[in-house]
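Each chain, letter by letter, is given below.
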Amino acid sequence: MNFLRGVMGGQSAGPQHTEAETIQKLCDRVASSTLLDDRRNAVRALKSLSKKYRLEVGIQAMEHLIHVLQTDRSDSEIIGYALDTLYNIISNDEEEEVEENSTRQSEDLGSQFTEIFIKQQENVTLLLSLLEEFDFHVRWPAVKLLTSLLKQLGPQVQQIILVSPMGVSRLMDLLADSREVIRNDGVLLLQALTRSNGAIQKIVAFENAFERLLDIITEEGNSDGGIVVEDCLILLQNLLKNNNSNQNFFKEGSYIQRMKPWFEVGDDNSGWSAQKVTNLHLMLQLVRVLVSPNNPPGATSSCQKAMFQCGLLQQLCTILMATGVPADILTETINTVSEVIRGCQVNQDYFASVNAPSNPPRPAIVVLLMSMVNERQPFVLRCAVLYCFQCFLYKNQKGQGEIVSTLLPSTIDATGNSVSAGQLLCGGLFSTDSLSNWCAAVALAHALQENATQKEQLLRVQLATSIGNPPVSLLQQCTNILSQGSKIQTRVGLLMLLCTWLSSCPIAVTHFLHNSANVPFLTGQIAENLGEEEQLVQGLCALLLGISIYFNDNSLESCMKEKLKQLIEKRIGKENFIEKLGFISKHELYSRASQKPQPNFPSPEYMIFDHEFTKLVKELEGVITKAIYKSSEEDQKEEEVKKTLEQHDSIVTHYKNMIREQDLQLEELRQQVSTLKCQNEQLQTAVTQQAAQIQQHRDQYNLLKVQLGKDSHHQGSYSNGAQMNGIQPEEIDRLREEIEKLKSNQEVLQSQLIEKESLIENLKSSQTSGMDQQFSAPASDGDSEQAAELKLELATLKSQLNSQSVEITNLQAEKQELLQKTETFAKSVPVQGDSETLAIAAKTTDVEGRLSALLEETKELKNEIKALSEEKTAIKEQLDSSNSTIAILQNEKDKLESEITDSRKEQDDLLVLLAEQDQKIVSLKKRLKDLGYPIVEEDEVESGDQEDEDDENEEADKDQDSI
């Protein structure tokens with residue numbers, strides 16, 4: 001210690017080389033001292049010198065300090081000093097570095113020492129193993145040192161940790177440490193570890209990081225928590241951003257539901273702390289990471305649905321409509337809600353139903369649009385509202401229709417009590433603020449995006465420009481403002497709206513060209529040689545004119561495609577036109593807007609292009625160029641090709657419909673076949689079940705027969721009135737007779753079943769043969785032979801039926817004829833004297849007799865069928881009763897057998913217990929004999945007891961004699 005005081009006392013007084021010599025002596029003591037106390041004191045002295053003399057200590061002592069870490073693991077104090085010294089050497093302490101040059105030099109020094117330290121990968125592995133030590137003086141400095149290494153050379157250290165066994169798992173254990181300092185520094189360490197490394201991010205996520213981090217955030221108070229919550233949120237962003245696997249794992253683990261309490265903001269929103277604003281800002285950004293437009297569409301859609309189902313979207317909309325929320329939180333909430341509803345119909349419908357808490361309540365969309373067209377609102381807030389409106393209309397034709405309908409004459413509120421979204425957009429479109437013009441034009445263009453119906457509906461909108469003048473269409477008013485020479489931002493917004501409106505809508509193109517002033521205005525704008533600022537407007541005018549040519553249906557003779565192209569060639573020139581058109585995609589702000597859907601601009605003058613409009617330009621630039629260079633013959637050929645393609649499409653659709661109908665018919669027939677097959681299978685199973693039942697009854701009968709034989713064999717030893725197994729002999733005889741009857745009845749029933757089965761097969765074959773003729777499908781040889789046999793049988797049956805019916809009809813006709821003859825002869829000739837009349841009467845009676853015989857035979861057959869059915873039901877009842885009797889007997893038999901088995905088991909258990917007791921008695925006797933105690937055998941005891949009894953009896957006799 002005296003040596004250490006001397007070193008520390010001489011630091012300020014002595015020259016620089018004295019400190020180097022002191023550090024060298026300390027390093028020699030660390031390397032050569034055999035006593036642990038001397039080495040510990042030397043390392044402590046190096047730690048105190050390491051901050052001020054970082055370079056000297058790093059150069060001379062790093063190797064010795066690493067050696068201490070390897071050899072002195074048993075002493076936690078010296079390990080802690082060594083780790084602190086290495087941390088001071090490697091880390092860049094920004095508080096002490098004031099000047100810029102010294103800070104840069106410090107950073108270079110830290111990276112150089114880090115590179116030296118990690119050159120041997122075993123050093124990093126050594127630090128990871130030290131993390132397993134629970135001692136605070138070892139674990140905490142190791143955490144800080146690893147964090148510093150990752151900050152200096154992150155990718156290299158990440159790779160070493162990734163390949164080391166259980167490296168990431170050891171770091172994850174820090175989150176479970178009960179000491180908050182180590183846990184919090186562990187979060188910082190994992191932040192540096194997971195930065196820009198997808199493999200480590202996946203490992204950390206699957207090590208249950210989401211669960212632990214969300215637990216820490218909840219324990220710290222969610223958005224009201226301190227800087228620990230901020231660190232956990234940054235780590236969560238590192239794990240989820242641009243990592244589809246972790247995002248999917250986060251969603252499937254139901255962690256989205258645990259985010260809802262973060263956004264539970266109370267009614268009193270005054271006095272938000274800076275930390276709460278930061279925490280809530282990071283929480284909103286984390287939600288946006290999960291629903292970012294850059295994610296795969298399927299993953300984004302599933303997260304959006306989960307956020308709606310768990311109530312997270314409802315919570316965000318509550319913050320959106322709350323009062324007293326800070327402006328930056330409100331802006332970020334609007335952006336978050338935008339991406340949660342973007343392209344998700346369910347979420348968009350919910351957002352359309354949200355109302356602001358005002359009197360009367362207004363839709364949230366209207367309240368937001370008021371902020372967008374209000375020039376006094378902050379610029380970032382207006383951009384966020386525009387993005388929210390765009391996301392609400394993205395792939396939402398229902399929402400587009402609702403917005404456009406607020407502009408139509410039939411839906412406008414005549415009283416003027418409420419302001420609609422369409423009125424706000426029109427107000428912004430024609431206001432004096434150029435930013436409001438641009439935002440309203442872009443918002444209205446999104447209401448028309450990829451929706452031809454709404455483009456046609458918007459043509460109906462009429463505007464009253466001034467009192468006494470007739471109303472003007474919205475399309476005409478937009479072109480009027482263009483021609484007035486307003487600001488560039490306003491003109492660009494209106495041109496983007498018109499290009500979106502006219503594209504893929506020939507009716508809108510016709511309305512636009514119907515105004516004779518529009519085409520000369522566009523050609524004049526394109527042909528002029530203006531400055532660089534006006535080149536963008538010229539390019540957009542060229543795009544609008546090109547759309548008017550490409551989507552022109554030639555319904556106006558004065559503005560047909562060919563005439564417009566000739567006008568361009570005469571007044572502008574094709575090459576010049578194409579060059580002006582190319583100015584759009586070459587603009588710097590065009591490429592910036594094409595990157596992200598969100599309108600994120602540093603200032604209002606940068607708001608020139610919309611993201612969706614850049615897609616439209618990219619799509620139309622090439623086709624417009626081709627359309628300008630095409631000749632009229634090529635256009636005619638193209639029109640003819642279109643017509644032939646349309647005809648071909650109509651023919652194809654016709655045949656598709658026919659094929660669809662035939663498929664439906666085939667499906668119905670297949671279903672019929674399948675039902676018939678099912679019925680056949682059911683009948684076959686019923687037959688097999690009945691056969692099995694018959695066999696079972698036979699087996700039961702044979703078993704009873706055998707048992708009765710045995711009983712009759714043993715019956716001689718008992719009296720005639722005795723019972724055998726509880727059954728009287730008379731009852732046994734009766735059962736035998738019943739079984740015989742049942743057997744005969746079963747044979748009759750079986751024959752009837754066989755007949756019915758053959759009849760069913762014949763009917764099925766007739767149905768299937770009819771269906772086969774309908775399908776005209778080829779069959780196999782075996783099936784065709786069987787079908788032919790069935791057809792022959794069916795034909796014979798039909799012929800017999802036809803012959804009988806013919807015979808009956810002939811007899812009836814013959815009867816009628818004879819009756820008529822008898823009537824006529826009876827009128828003309830007396831009955832008694834005419835032999836012919838007698839013959840006819842005899843013949844008539846013969847026919848009537850034959851008919852009555854047939855009728856009686858039919859009646860007898862019906863009676864027989866009825867009797868058979870009654871007999872069948874009676875037999876079934878007898879079978880049921882016999883089955884119940886057999887079941888009762890079987891149950892009694894089973895009970896007796898179970899009782900016998902139970903008694904046998906009890907006897908066996910008693911025997912086992914007796915045997916065990918005998919063995920125990922023998923062993924105890926043996927032990928007593930070994931111990932020297934006299935043992936009396938049981939026989940001796942019994943004989944002794946007998947002698948005692950005899951003595952007692954003799955004494956008793958003597959007493960009686962004396963008495």
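This part covers the overall build of the chain. Within the chain one finds 40 helices and four strands. Taking all 963 residues of the chain together, the buried fraction comes to 39%. Only carbon and sulfur atoms are counted for the fraction: they give 52% of the accessible area of the chain, which is about 54,800 Å².

What the rule picks out here adds up to 13 aromatic pairs. Each ring, one from Y590 and one from F609, has its centre 5.6 Å from the other, and the planes form 90°; the classification is edge-to-face. Here Y590 is found in helix α34 (residues 588–593), whereas its partner F609 is found in the loop between α34 and α35 (611–629), with 19 residues between them in sequence. Overall, Y590 belongs to the buried group, its relative accessible area being 10%. Through successive ring pairs, a cluster of aromatic residues spans F206, F210, F249, F250 and Y255. When the ring centre of F134 is taken as reference, the NZ or CZ atom of R179 above it lies at 4.0 Å.

Here we take up the confidence of the model for the chain. Put simply, the chain has an average pLDDT of 81, and 75% of its residues get 70 or more. Ranking the helices and strands of the chain by mean pLDDT puts helix α22 (residues 379–393) first, with 96, and helix α1 (residues 2–9) last, with 36. Contacts from residues 717–727, a stretch scored under 50 in pLDDT, to residues over four places away or in other chains number eight contacts. Confidence drops under a pLDDT of 50 for residues 770–784, and excluding neighbours within four residues, the segment shows eight contacts in the predicted structure.

Bringing the side chain of Q304 into the picture now. Structurally, Q304 can be placed in helix α17 (residues 297–309). Within the structure, the side chain of Q304 is placed 3.3 Å from the backbone oxygen of V340, a separation counted as a polar contact. Look past the residues within four positions of Q304 in its chain and what remains in contact with it is V291, E339, V340, I341, R342, C344 and N347.

Okay, a negative patch on the surface next. On the surface, E899, D902, E906, D908 and D909 cluster together to form a negatively charged patch. Tracing the chain through its elements places D908 in helix α39 (residues 835–931). On the accessibility criterion, D908 (45% relative accessible area) is partly exposed.

Attention now goes to helix α25 (residues 434–447). With 14 residues, α25 should cover 20 Å at 1.5 Å per step; its first-to-last C-alpha distance of 20 Å lies within 8% of that length. With 14 of 14 residues buried, α25 is to be regarded as a mostly interior element.

Below, the discussion takes up helix α14 (residues 227–240). Helical geometry: 3.6 residues make up each α-helical turn, so side chains three or four residues apart lie on a common side. Look at α14: 20 Å from first C-alpha to last across 14 residues, which is about the 20 Å you get at 1.5 Å a residue. Counting buried residues along α14, twelve of its 14 residues qualify, which places the element largely inside the surrounding structure. All buried positions along α14 are accounted for by V228, V229, E230, D231, C232, L233, L235, L236, Q237, N238, L239 and L240. Where α14 is buried, its residues meet α11 (180–194), α12 (198–206), α13 (209–219), α15 (244–252) and α16 (274–290). Count one or two residues on from α14 and you reach N242, which has phi positive near 55°.

What follows concerns a nonpolar patch on the surface. Among the surface-exposed residues, I651, Y655, M658 and I659 lie close enough to one another that they form a single nonpolar patch of about 380 Å² accessible area. Tracing the backbone through its elements, the reader meets I651 in helix α36 (residues 632–713).

With respect to the helices and strands, the residue Q201 is situated in helix α12. According to the relative accessible area criterion, Q201 is buried, its value standing at 6%. Setting aside residues up to four positions removed in sequence, Q201 forms contacts with T194, S196, N238, L239, N243 and N246.

Opposite charge on two side chains permits them to pair, given that their charged atoms come into close proximity. Using the criterion set out here, one finds 22 salt bridges in the structure. A salt bridge links K47 to D84; the shortest N-O distance between them is 3.5 Å. Residue K47 is found in helix α3 (residues 36–50), and its partner D84 is found in helix α5 (residues 76–90); the two are separated by 37 residues along the sequence. Across the pair E133 and R73 runs a salt bridge, and its minimum N-O distance is 3.6 Å. With a gap of 60 residues between them, E133 in the loop between α7 (121–130) and α8 (136–152) and R73 in the loop between α4 (54–71) and α5 connect regions that are remote in the sequence. Overall, E133 belongs to the partly exposed group, its relative accessible area being 31%. Beyond isolated ion pairs, a larger network of salt bridges with shared partners links D37, R40, R44, D75 and E77.

Geometrically, the link from N359 to P360 is a cis peptide bond, its omega value of 0° lying close to zero. Here P360 shows up in the loop between β1 (355–356) and β2 (362–363). In this model, M166 sits at a positive phi of 60°, which is unusual for a non-glycine residue. Mapping M166 onto the fold places it in the loop between α9 (154–163) and α10 (167–172). Residue S196 is not a glycine yet carries a positive backbone phi of 60°. Position of S196 relative to the elements: it lies in the loop between α11 and α12. For S196, a relative accessible area of 72% gives the class exposed.

For the rest of this paragraph, the subject is the packing of α7 against α8. Packed helices, taken two at a time, are described by the angle their axes make and the gap between the axes. Orientation of α7 relative to α8, taken along the N-to-C sense of each, is 145°, at an axis distance of 9 Å. Considering only the axes of α7 and α8, their crossing is left-handed. Contacts between α7 and α8 involve V124, L127, L128 and L130 from the former and V138, A142, L145, L146 and L149 from the latter. Class assignment for the residues of the contact of α7 with α8 results in nine nonpolar, no polar and no charged.

Moving on to the packing of α13 against α14. Running from N to C, α13 and α14 cross one another at 155°; their axes reach a closest spacing of 9 Å. On the basis of their axis angle, the class for α13 and α14 is roughly antiparallel. Every pair of crossing elements has a handedness; the one defined by α13 and α14 is left-handed. In this structure, α13 uses A209, F210, L213, L214, I216 and I217 to contact α14, whose residues at the interface are V228, V229, C232, L233, L235, L236, L239 and L240. Across the contact of α13 with α14, the residue classes tally to 14 nonpolar, no polar and no charged.

Calculation criteria
- Residues numbered from 1 in each chain as written.
- Predicted model: local features only at pLDDT ≥ 70, side-chain atom pairs only at ≥ 80, totals over all residues.
- Heavy atoms only, no water.
- Helix = DSSP H or I, 4+ residues; strand = E, 2+ residues; numbered from the N terminus.
- Buried < 20%, exposed > 50% of the residue type's maximum accessible area, 1.4 Å probe, protein only.
- Areas by Shrake-Rupley, 256 points an atom, 1.4 Å probe, with all protein chains shown as cover.
- Phe/Tyr/Trp six-rings, centres within 6.5 Å; stacked < 30°, edge-to-face > 60°.
- Lys NZ or Arg CZ within 6 Å of the ring centre and 35° of its normal.
- pLDDT = per-residue confidence, 0-100.
- Contact = heavy atoms within 4.5 Å.
- Polar contact = N/O pair within 3.5 Å; in protein donor to acceptor, adjacent residues only side chain to side chain.
- Patch = residues over 30% accessible without salt bridge, like charges linked within 9 Å, V, L, I, M, F, W, Y side chains within 5 Å.
- Salt bridge = Lys/Arg side-chain N within 4 Å of Asp/Glu carboxyl O.
- Lys, Arg positive; Asp, Glu negative; His and termini not counted.
- Charge placed at Lys NZ, Arg CZ, Asp CG, Glu CD.
- Expected span 1.5 Å × (residues − 1).
- Axes fitted to C-alpha atoms, helices over the stretch in contact; angles between N-to-C directions.
- Left-handed = near helix turned anticlockwise from the far one by under 90°.
- Nonpolar A, V, L, I, M, F, W, Y, C, P; charged D, E, K, R; others polar.
- Parallel < 35°, antiparallel > 145°, perpendicular 65-115°, else oblique.

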